[in-house]
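Survey of secondary and tertiary structure
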Amino acid sequence: MSEPLINKLDDETWSIENNGVRFFLLKGKEKALLIDSGMNVPYVKALAEKICNLPLKLLNTHADIDHIGGNDEFSSFMMHPSEAINYYKIQKKVGIIEPIYDGDIIDLGERELEVMLTPGHTPGSIMLLDKSKGVIFSGDTVQDGNIFLFGPMRDIHAYVLGLKRISKWKGQYDVLYPSHGSLPVAPSLIDKLIDGATRVIKHGTDAKEAYILDQKVLVHDIGCAKIITEVKDE
């Protein structure tokens with residue numbers, strides 16, 4: 001098992017990356033926040049506490065397995081309640097969800113984070129607007145890698161609608177920090193993803209068939225990312 005790669009983004013923000021997934025540690029004046037807990041990273045809580053010696057809370061952008069691998073080390077964690085079916089029934093994980101909702105403010109002490117509900121990848125996928133830094137932590141929703149929109153609870157129509165509502169926060173951020181792909185990405189990626197996903201809905205693309213997680217899927221290369229959808233019945 002490889003050691004996680006820790007990257008200091010600024011004096012109060014770190015990215016931690018392992019097995020192709022990235023999560024983040026944020027420091028405020030009073031508290032620290034772990035955004036997701038990675039996959040197959042042992043002792044993730046101790047790792048975070050070694051970097052930042054403040055009371056630590058955990059928030060999950062969504063409940064896919066590569067984002068909740070270290071959740072068992074926490075007695076409770078913040079998550080949108082729409083993710084409960086994914087967390088408990090599909091991933092078969094345990095723990096207490098502290099529900100967070102669209103528009104909630106998480107205050108770490110002179111560092112406020114606003115919860116932004118952006119469904120599509122999963123029903124309760126959220127992003128966080130870090131007002132003090134002008135940064136959005138975008139989870140799997142905005143990235144330039146592979147965007148999974150196949151399987152239970154995922155929907156490309158909801159994904160486009162979720163992306164469109166990000167315009168509400170236009171001008172309040174300069175960059176986005178995704179969980180996969182490049183770090184950082186520019187806000188212009190959002191419009192490119194909307195355009196690409198809309199093209200997939202309306203016309204499709206020259207998609208290639210592939211097998212991911214033992215499921216036959218279609219991989220749509222939209223230029224700025226790859227959107228992966230399920231194969232429609234004949």
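Shown above is the structure to which this text applies.
Everything numeric here is computed off the predicted structure, so don't read it as measured data.

Basis of the calculations
- Residues numbered from 1 in each chain as written.
- Predicted model: local features only at pLDDT ≥ 70, side-chain atom pairs only at ≥ 80, totals over all residues.
- Heavy atoms only, no water.
- Helix = DSSP H or I, 4+ residues; strand = E, 2+ residues; numbered from the N terminus.
- Expected span 1.5 Å × (residues − 1).
- Buried < 20%, exposed > 50% of the residue type's maximum accessible area, 1.4 Å probe, protein only.
- Contact = heavy atoms within 4.5 Å.
- Pairing = 2+ DSSP bridges.
- Axes fitted to C-alpha atoms, helices over the stretch in contact; angles between N-to-C directions.
- Core = buried A, V, L, I, M, F, W, Y, C linked by side-chain atoms within 4.5 Å.
- Parallel < 35°, antiparallel > 145°, perpendicular 65-115°, else oblique.
- Left-handed = near helix turned anticlockwise from the far one by under 90°.
- Nonpolar A, V, L, I, M, F, W, Y, C, P; charged D, E, K, R; others polar.
- Right-handed = clockwise from strand over helix to strand, strands pointing away.

Attention now goes to helix 4 (residues 188-202). For helix 4, spanning 15 residues, the distance from its first C-alpha to its last is 22 Å, which sits close to the expected 21 Å at 1.5 Å a residue. Within helix 4 the residues assigned to the buried category are Leu189, Ile190, Leu193, Ile194, Gly196, Ala197 and Val200. On its buried side, helix 4 packs onto strand 12 (146-149), helix 3 (156-164), strand 13 (175-178), strand 15 (215-221) and strand 16 (226-230). Once helix 4 ends, the next one or two residues include glycine 204, with phi positive near 75°.

Quick look at the sheet that holds strand 12 now. Strand order in the open sheet formed by four strands is 12-16-15-14, with mixed pairing between adjacent strands. Edge positions in the open sheet fall to strand 12 and strand 14 (208-212), since each of these has one partner strand only. The mean angle between the axes of side-by-side strands here comes to 35°, regardless of whether they run parallel or antiparallel.

Now for the nonpolar core. If you look at the biggest cluster of nonpolar residues, it comprises 26 residues, and the most contacted ones within it are Ile136, Val142, Ile166, Tyr173 and Leu193. For this core, the leading source of residues is helix 4, giving six residues. Those residues in contact with leucine 193 that lie beyond four places of it in its chain are Thr141, Val142, Gln143, Ile147, Tyr159, Leu163, Ile222, Cys224 and Ala225. Leu25, Ala32, Leu56 and Tyr87 belong to the second-largest nonpolar core, a separate cluster that totals 20 residues.

This part is about the packing of helix 3 against helix 4. Where helix 3 meets helix 4, the axes come as close as 10 Å, and the angle between the chain directions of the two elements is 155°. It follows that helix 3 is roughly antiparallel to helix 4 by the angle criterion. Crossing geometry of helix 3 relative to helix 4 is assigned as left-handed. On helix 4, the residues touching Ile156, His157, Tyr159, Val160, Leu163 and Lys164 of helix 3 are Ile190, Leu193, Ile194, Ala197, Thr198, Val200 and Ile201. In terms of residue class, the contact of helix 3 with helix 4 is made up of ten nonpolar, two polar and one charged.

On to the pairing of strand 7 (residues 96-99), then. Looking along a regular strand, one sees side chains alternate from face to face of the sheet. Sheet topology note: the strand 6 (residues 76-79)/strand 7 ladder contains four bridges and is parallel. In the strand pairing of strand 7, methionine 78 is matched with glutamate 98. Crossover handedness for the path strand 6 to helix 2 (residues 84-90) to strand 7: right-handed.

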